Amino acid sequence: MKAPLSWLKEYIDINIDPHALADLLTFAGLEVEAIHYMGMSMPTQNKSHTKITGMEWDPEYIVLAEITKIEAHPNADRLVLAEVFDGQGIHPVITGAPNLLLYKETGTVETPIKIAYAREGATLYDGYSDDHKTTTLSRKTIRGLESYSMICSEKELGISEEHEGIIVFDTNAPKPGTPLVDYIGDAIFDISLTPNMSHNTSILGIAREIGALTNTKLRPPVTDIKIDQSKKSTFEMPSIKIVDPALNSRFTATLIENITVRPSPYWLQLRLKISGMRPINNVVDVTNYVMLEMGQPLHAFDYDVLSERAKNTPAITTRLAKNKEQLTSLDGVERTLNTSTLLVTDNAGPLSIAGIIGGLKSEVTNNTSNVLIEAASWDMINIRKTIVDQQLQTSQAGYRFSRGVSPALALNTNQRASEMLRIMGKGSILHNTKDVYPIKHTTNKINLPIGEINRSLGIQIPTKEAIRILESLEFHVTKEKDSLQITAPDHRLDVGTKETGIADIIEELARIWGFDNIPETQLDDLSPKQHNNINLEKEELLRDLLVTLGLQEIVSYRLSSAKLEQLVCCEDTGPHITLANPITPERSIMRKSLMASTLACASENCRHQQRISIFEIGPVYIPKNTTDNNASSDEALPTEVLRLSIVLYGKNEQLSWINNSDKSMDYFVLKGIVDEILNGIHISDYSIEPDNHPAFQTGATALLLIKEKPIGHFGILNSKSTSKLGLKDHSTLAADFNLSAIIEFMPNRHTIKPVSKFPPVIEDIALIVDENINSNQITSLIAKTGGSILKNTQLFDVFRGEQIGEHKKSLGYRLTYQSDSKTLTDKDAAKLRNKIVKTAKKLYGAQIRDS
Amino acid sequence: MIEKLEKLNSIAISELYKTSDINAINLWHTKHLGKKSHLMAYLRNLGQLPAQDRPKVGKLANEIRYKLENAYDEHKNTLVSQPTTTNKNSIDITLPGRPINRGRLHITNIVLRKIYSIWADMGFQIYKSREIETDELNFELLNIPKHHPARDMWDTFHTNTPGVILRTHTSPGQIHAMRTYCPNPIRVILPGMCFRYEQITARSEIQFNQVEGLAIGTNIRFSDLKGTLSTFAQRIFNKNTKTRFRASHFPFTEPSAEMDVECFLCSGKGCGVCKNTGWLEILGCGMVHPTVLSNGGYDPNKHTGFAFGMGPERIAMLKYGIDDIRYFWGNDLRFLEQF
C-alpha cells in the first residue's frame, strides 16, 4: 500500500528523513519497496533497501502563485495569456490548459486562481514525454509572444500522469511565493505488507508502527459524529437484517441528508491520487479516504434510489446470492453471481457485492442528495473466493476484507467518514448510526511468562521496554510477578491464544526491539544422534563415477509432456500424474521417462556440439494404480523412483590437429561406460542380455539384469524416433536404468583381491565359434574355467573371414595366468589352457585357431 | 615366409625413424604400406599359400601392418609437432593437447554439495522427502489453512487428483522429519526440487531447488538461528561476510526473518548485482511456529526450534554472475561446461 509522509505526520511526529524511516519500517517487517519523492529533497546516495524515484522541486524556482488576469492569446485560439503574480512580480504566462481556456474572455479574475508556478530556469518533467524526461525552462517565443515560465500540470511535477490541465489549488492555499515543496512536497512510501499485517493496511496502522519504532505517541483521528437535534429528518433509518452472522458479523449505517455532491477539494484529491486512487466526487472520495486512513472499507448508497426502490423505508438484508442472480456493478459489468457471493440487498434485489464492489443502480451521482454510508464486517474467506470468482483483484476494499478487517473498526470508521462528509458536503446527520452487531469481536488474552522471551529469542528484553512496545501497539498489559497479562487490541485479528499467542507477542517484541539487538550465539543444545544416509551416499558415488567416465551431468524439468515421452517410446504407456493448471502443454505432466528428458536435452544441444555425452539422475513419478475414487490424497501419491539416464551422440573424439576423423560414437562406447559403472559400484552378479524394446533398434538392444532383476535397457536408439528430435547425423546411444534398484543392489562394502608377487604367464588364444554364440558366453566360460589362477581375460580381437568359414567368428583372448603362491611354469599354463579349450569345445563346439 | 615378413618389418621400422620431414614420411608410407608395397602383396596373395600356412602368415602380416600404421601415426605426429628448423628432440609445446572428454556435475549439484558439506560440519544431516505432496503436508500442517490469505504467497501446481500438489517448498519435509525423529532433537537440512506456478522468465522458474534447515531441541533460540546462519554465510561466501536480519512473515515460523548478506562483489559499496544497496537477499528463516511443532509431535512448551530455507540456484547465480535463472534447466552444454 502507499503511505504519503504528509499523511502519516497527521498522526505521528516524524523527525527522521524518509529513507531512514523506510529502513526502520523494512527491518520491522513492513517492507518499503520504493519511495517516490514528490518535491522533497532526495538522498544523494541510496544505501537503503528501498528503490527511489521522483524529483525535487527547487524552492527558489517552483513556487505557489496566483493568476490575476486571463486574456485570449492574440494569435492562437487554443492558448490564453495569464498574468501570474509569484510574490515577486507579475509574469505573463502562455498556456493551453483546458481548465483555463474557460476564462478566455474573463480579464481580471474575481478570486485569484492559486496555481503552481515554475520560474525561468526551473527543472520539471516534460509534460509531452512518456518517460519522465526532465527539461529546464528557458526563454522562447510562442506564436509571436515571449514565454519564459510555466503554470504546472501534475505530470510536470511528477504528482501523477495528469497533463490535461493545470493544478488549481484550494483558495486557502498559502500566499504567492511560498515554495511549492513546503506546501505539498511529500515522500510516498510503497509498502509491501505480508498477510499477517492486515491490521496495517491503513495510514493509521503504519503510523502506529512508526510510533512503536520511534517511541513517539500516536494521535488517532477523532471519530465523533455530530447529530443535528434541531432539524427533523424526512427519512426513517432503514431496517437491517443479517441472514448469516457468521459471514457478516457487523453492519453499520449512517444517513447523511441534504448534501451537495461535487468534486472534492484539491488537497483531498491529491491525497487520493498519490495513494493510488482516482478521485470521483466528494462522497466516494471521503469513503475511500477514510478507508485508506483507518483500514475499514466503506460504501455509499444513494438513499434516494433506495427509498424509491422500497416505495417506503428501505429494508436492507445481507445474504448469499441465489444461483445465477444478476447485478450490474459500478464498473458497468453485468455479473452473474453464485451461491457463495455475499450481497447487500434491499426489497428490490441486490444492491452491491458485499465488501468488494457497489451496484450501478444505487451509485452516488451528482444528483444524489441523501447518502447512506455503510461500514460492515465480512468473512475474509468468503470475500477471497468472490474476488477470484468475479475477477475483482484490484478492488482496494476487497484487498482489505480478504485479509481480515476487525469488526471493531466498523462503527468508528463509519462515524469518521460520515462526519467528514457532513462537513464537506454541507449536509446534516439527523439519526444515530445504526449498528447491527450479532457476533461481537472478542479480543484474545495471553499470559506471557517473562522467561519465555529469553527462551525464544536468546535475550531478555527489559520488561519495562517490553511493556512500552506492547502498549505502543495498543496491547493492554498488566504486569504480574513473573508474567505479563496481555490483551490484544480490538483492531487485531492475528493474535492467538496460549502458545500461539505467546509466539505472536514475542514476534511483536522482537521486531520492534530490533533483530539487530538480538545477539548471535552458537547452538549449545544437545546434539541429536547422527544417522547414516547410505542411499544418498550411493547416489552421490554414482554421480561421481559417471563424471569420472567423462559424462556431463544435466538436470532437466520434472514437468514434461506425454507427447515427448510417446515420441521416444517411453517404456510404460499407462497414465501420468497430470497437472490441473499447466503453464504450457510442454510441461503438463510429471515425467515417467527420464530418458525422454535427457534426449530432449541432447536434441537441443546437437546443433552446436560435436560430441554430447550426458547423464541425469532424477526421479520419475509413477501413479498408483488406484481405481478407488475415495482413496485419500495420501494413498493417491505417486511412487517417486530414482532413475539414471545416459545419452551419447556425436563424434567419438573432438576435432583436433591429432584427430580429424568423423567417426561417431558407437554402441561400444556406451557399453564401456556401462561395464565401468558396474565395475565401479562392485556389482558382479549381473548379466547383459539381448532384448527388444520399441525405443531401441532391433538387434542393438541390451537389457541389464542385476541378480536376475531387470534394471533397464541400453543400446542404439531407434532412428525413427531420434530423427524426430533432430538427432540425425549419428546413432543415438542411450541407457535408462532404475537407479533406486541399482542402489538397493550396491554392496555396502567389497573386498579386494591381493596383488600377486609372482610373475605372470601371458599368452594369446583364439577360439572359433558359431556366430550365434555371444562373446560373453565364451568370456565367462574362460574366466570360470581358469579359476583363481587366471587373473585377467582380455578379448582383444573379433575376426570374421573366409579363412575360418561362414557363420563363424574368431575370438582372440589375452590370458594372464598368475599364482598367488608360486611362480607358474609354461607347463602349468598349458595345462590350464588345454582345460579351457576342451571345455569350450565341449560346451560351444569351439575350435582353437592357429594352434 | 615368416622370416621374410619379420625382416620386412624391421627394415620398415628402421627406415621410418630415419625420415625427418613430412615428404619423406609420406614416401615411406607409400613404399611400405601403399597398395604396391611388399607387405600388401603378401596379404593379397595369401590364397596362393598352402592352406596350413595361411592363418599364421595372414595373422603375422596383419599384425605387422597394424604395428607399422601405428608407428607411422606416432612418428608423423612427432614430426608435425616439431618445428622444422630446430633440433629433432624439440616439439611445439604450445600445440593443444589431445582433447579429453571431461565430465562435470551440474552447477546446481556443485552448489548443493558445498551447502551440504557446510551444514554437515555443523551437525545438520540430509533428510529427503517426496516432491509430489498432499495439500495437508504442504500447507495445512504448516499452519497455512485452506483459503487463508497466506496461501497467496505460493502459486501452486495442482494435479488432477484433488489434494495432491507439487510441493511449493521443501517445508513439508519439516513435518516428515519431525514425525520421524520425535521426541528426539533434530538437526537436518531438507534439500530438493520445488515447484511454483509461474511464468518462466529470467528471474522466475517453475521448478527450483530449496535447502531447508530444521533444528529442534529444548534450548534453541533466535540468537542461535542468527549465529548459525551467519556462520553459514561466512563459509559459503567469505569469512568477512556480514549479515543482517529483517523481520518478515512465514506462517510456519514466528518470529520470522529474511537474512541479507553484505554484497560480496562490492563489499557493501553498492553495485549492479546488489542494486546499489550493498546487500543481497539470501534466505528466509524463523523460530518454528508452535502449531507446526505440535503438528510434528513436539510440545511447544518444552521444545523450540528454528527453520530456514535458501535457494541454491540463487546462491549459484550470485557466486558465478549468472543473470538468467533459465540457464539451470535449459542445460545448454556451453553453459554447463563453464563449471
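Keep in mind the model is a prediction, meaning the values are calculated, not measured.

1. Points about the side chain of S362(A)
All names here are of chain A.
Here comes step 1: Structurally, the position occupied by S362 is in the loop between strand 22 (357-358) and strand 23 (371-377).
Here comes step 2: Given the relative accessible area of 3%, S362 is considered buried.
Here comes step 3: Setting aside anything within four residues of it in sequence, one finds S362 in contact with A300, F301, D302, V305, L306 and L351.

2. A look at the domain arrangement of chain B
Here comes step 1: Looking at chain B, the domain boundaries give domain 1 (2-81) and domain 2 (107-336).
Here comes step 2: Relative placement of domain 1 of chain B and domain 2 of chain B: their C-alpha centres are 67 Å apart.

3. A few points about the environment of S721(A)
Residues and elements named next belong to chain A.
Here comes step 1: Here S721 is to be found in helix 20 (residues 719-724).
Here comes step 2: For S721, a relative accessible area of 7% puts it in the buried group.
Here comes step 3: Note: C-alpha distance between S721 and P112 (609 residues apart in sequence) is 83 Å.
Here comes step 4: For S721, the residues in contact, after removing those within four places along its chain, are L567, V568 and A695.
Here comes step 5: Polar side-chain contacts of S721 include one of 3.2 Å to the backbone oxygen of N718.

4. Quick word on the nonpolar core
Here comes step 1: Formed by 169 residues in total, the largest nonpolar core has its most connected members in W119(B) and F308(B).
Here comes step 2: In contact with W119(B), not counting residues within four places along its chain, are F124(B), I189(B), T228(B), L229(B), F232(B), F308(B) and M310(B).
Here comes step 3: Counting 36 residues, the second largest nonpolar core, distinct from the first, contains V547(A), I681(A), A741(A) and I743(A).

5. Some details on the sheet that holds strand 5 (residues 76-85) of chain A
Residue and element names in this part refer to chain A.
Here comes step 1: Pairing in this open sheet of 5 strands is antiparallel, and the strands run 6-5-4-7-12 from one edge to the other. Each edge of the open sheet carries a strand with a single partner, namely strand 6 (90-95) and strand 12 (150-151).
Here comes step 2: Taken together, the 7 bridges between strand 4 (residues 62-73) and strand 5 define a ladder with antiparallel strand orientation. Looking at the pairing, I67 lines up with V84 of strand 5.

6. Comments concerning the interface of chain A and chain B
Here comes step 1: Between chain A and chain B, the contact holds 97 residues from the first and 109 residues from the second.
Here comes step 2: Across the chain A/chain B interface, buried area totals approximately 8900 Å², and carbon plus sulfur atoms make up 55% of it.
Here comes step 3: For chain A, the biggest contributors to the area lost against chain B are R455(A), L523(A) and W657(A); these three give 9% of the whole.
Here comes step 4: Run the count over chain A and chain B and you get 4 salt bridges.
Here comes step 5: The closest approach of N and O atoms between E640(A) and R130(B), which form a salt bridge, is 3.6 Å.

7. As for the pairing of strand 36 (residues 709-717) of chain A
All names here are of chain A.
Here comes step 1: Judged by how many residues are buried, strand 36 sits mostly within the fold: 7 of 9 residues are covered.
Here comes step 2: Alignment of strand 35 (residues 696-706) against strand 36, held across 7 bridges, turns out to be antiparallel. Bridge assignment links I706 to a residue of strand 36, and that residue is K709.
Here comes step 3: Remark: 2 residues form the turn of the hairpin made by strand 35 and strand 36, two consecutive strands paired antiparallel; K707 in that turn has positive phi of roughly 45°.
Here comes step 4: In this sheet, strand 37 (residues 732-738) lies alongside strand 36 in antiparallel orientation, the contact comprising 5 bridges. Following the sheet pairing, F714 is matched in strand 37 by A735.

8. Observations concerning the pattern of salt bridges
Here comes step 1: Evaluated as defined, the whole model comprises 57 salt bridges over all chains.
Here comes step 2: When the shortest N-O distance is used, the salt bridge between K273(A) and E154(A) registers 2.8 Å. With K273(A) in helix 7 (residues 266-274) and E154(A) in helix 4 (residues 154-157), this residue pair connects regions lying 119 residues apart in the sequence.
Here comes step 3: Judged by relative accessible area, which is 23%, K273(A) ranks as partly exposed.
Here comes step 4: The closest approach of N and O atoms between R208(A) and E474(A), which form a salt bridge, is 2.9 Å. A residue pair is termed long-range when its members are at least 10 positions apart, and R208(A) in helix 6 (residues 203-214) and E474(A) in the loop between helix 14 (463-472) and strand 26 (476-479) qualify at 266 residues.
Here comes step 5: When salt bridges with common partners are traced through the structure, they connect E539(A), E540(A), R543(A), D544(A), E553(A) and R113(B) into a single cluster.

9. Digging into unusual backbone geometry
Here comes step 1: Following C182(B), the chain continues to P183(B) via a peptide bond in cis, the omega torsion being 5°.
Here comes step 2: Assignment of secondary structure puts P183(B) in the loop between helix 7 (172-181) and strand 4 (186-195).
Here comes step 3: At the junction of E254(B) and P255(B), the peptide bond is cis and its omega measures out at -5° in the coordinates.
Here comes step 4: Among the structural elements, P255(B) can be located in strand 7 (residues 253-262).
Here comes step 5: Notably, E474(A) is not glycine yet its phi reads approximately 75°, a positive angle.
Here comes step 6: Although it is not a glycine, E708(A) sits at a positive phi angle of roughly 70°.
Here comes step 7: Structurally, E708(A) is set in the loop between strand 35 and strand 36.

10. A word on helix 8 (residues 282-294) of chain A
Residue and element names in this part refer to chain A.
Here comes step 1: The end-to-end C-alpha separation of helix 8 is 18 Å, in line with the 18 Å expected for 13 residues at 1.5 Å each.
Here comes step 2: In terms of burial, helix 8 is a largely internal element, 12 of the 13 residues being buried.
Here comes step 3: Considered for burial, the residues of helix 8 that qualify are N282, V283, D285, V286, T287, N288, Y289, V290, M291, L292, E293 and M294.
Here comes step 4: Positive phi shows up at G295, right after helix 8, with a value of about 95°.

11. Description of the packing of helix 5 (residues 107-121) of chain B against helix 8 (residues 222-236) of chain B
For any two helices packed against each other, the geometry comes down to the angle between their axes and how far apart the axes lie.
Residues and elements named next belong to chain B.
Here comes step 1: Across the interface, helix 5 lies against helix 8 with an axial gap of 10 Å and an inter-helix angle of 135°. With respect to each other, helix 5 and helix 8 are oriented oblique. The handedness of the crossing between helix 5 and helix 8 comes out as right-handed. Mapping the contact onto sequence places K114, I115, I118, W119 and D121 in helix 5 and T228, L229, F232, R235 and I236 in helix 8.
Here comes step 2: Of the residues contributing to the contact of helix 5 with helix 8, the split by class is 6 nonpolar, 1 polar and 3 charged.

12. Observations regarding the environment of H19(A)
Residue and element names in this part refer to chain A.
Here comes step 1: Among the secondary structure elements, H19 is positioned in helix 2 (residues 18-27).
Here comes step 2: Taking the relative accessible area as the measure of exposure, H19 reaches 23% and is therefore partly exposed.
Here comes step 3: Remark: the alpha-carbon pair of H19 and E539, spanning 520 residues in sequence, is separated by 50 Å.

13. What about the sheet that holds strand 36 of chain A?
Residues and elements named next belong to chain A.
Here comes step 1: Spatially, 28-32-33-37-36-35-34 is the arrangement adopted by the 7 strands of the open sheet, whose pairing is mixed. Edge strands, defined here as strands with exactly one partner in the open sheet, are strand 28 (552-553) and strand 34 (686-690).
Here comes step 2: The pairing of strand 33 (residues 639-650) with strand 37 spans 7 bridges and is antiparallel. Among the inter-strand pairings, Y649 is bridged to a residue of strand 37, identified as T732.

Calculation rules
Residues numbered from 1 in each chain as written. Chains lettered and ligands numbered in written order. Predicted model: local features only at pLDDT ≥ 70, side-chain atom pairs only at ≥ 80, totals over all residues. Heavy atoms only, no water. Helix = DSSP H or I, 4+ residues; strand = E, 2+ residues; numbered from the N terminus. Buried < 20%, exposed > 50% of the residue type's maximum accessible area, 1.4 Å probe, protein only. Contact = heavy atoms within 4.5 Å. Domains from an automatic or database assignment. Polar contact = N/O pair within 3.5 Å; in protein donor to acceptor, adjacent residues only side chain to side chain. Core = buried A, V, L, I, M, F, W, Y, C linked by side-chain atoms within 4.5 Å. Pairing = 2+ DSSP bridges. Buried area = accessible area lost by both parts, 1.4 Å probe. Salt bridge = Lys/Arg side-chain N within 4 Å of Asp/Glu carboxyl O. Expected span 1.5 Å × (residues − 1). Axes fitted to C-alpha atoms, helices over the stretch in contact; angles between N-to-C directions. Parallel < 35°, antiparallel > 145°, perpendicular 65-115°, else oblique. Left-handed = near helix turned anticlockwise from the far one by under 90°. Nonpolar A, V, L, I, M, F, W, Y, C, P; charged D, E, K, R; others polar.

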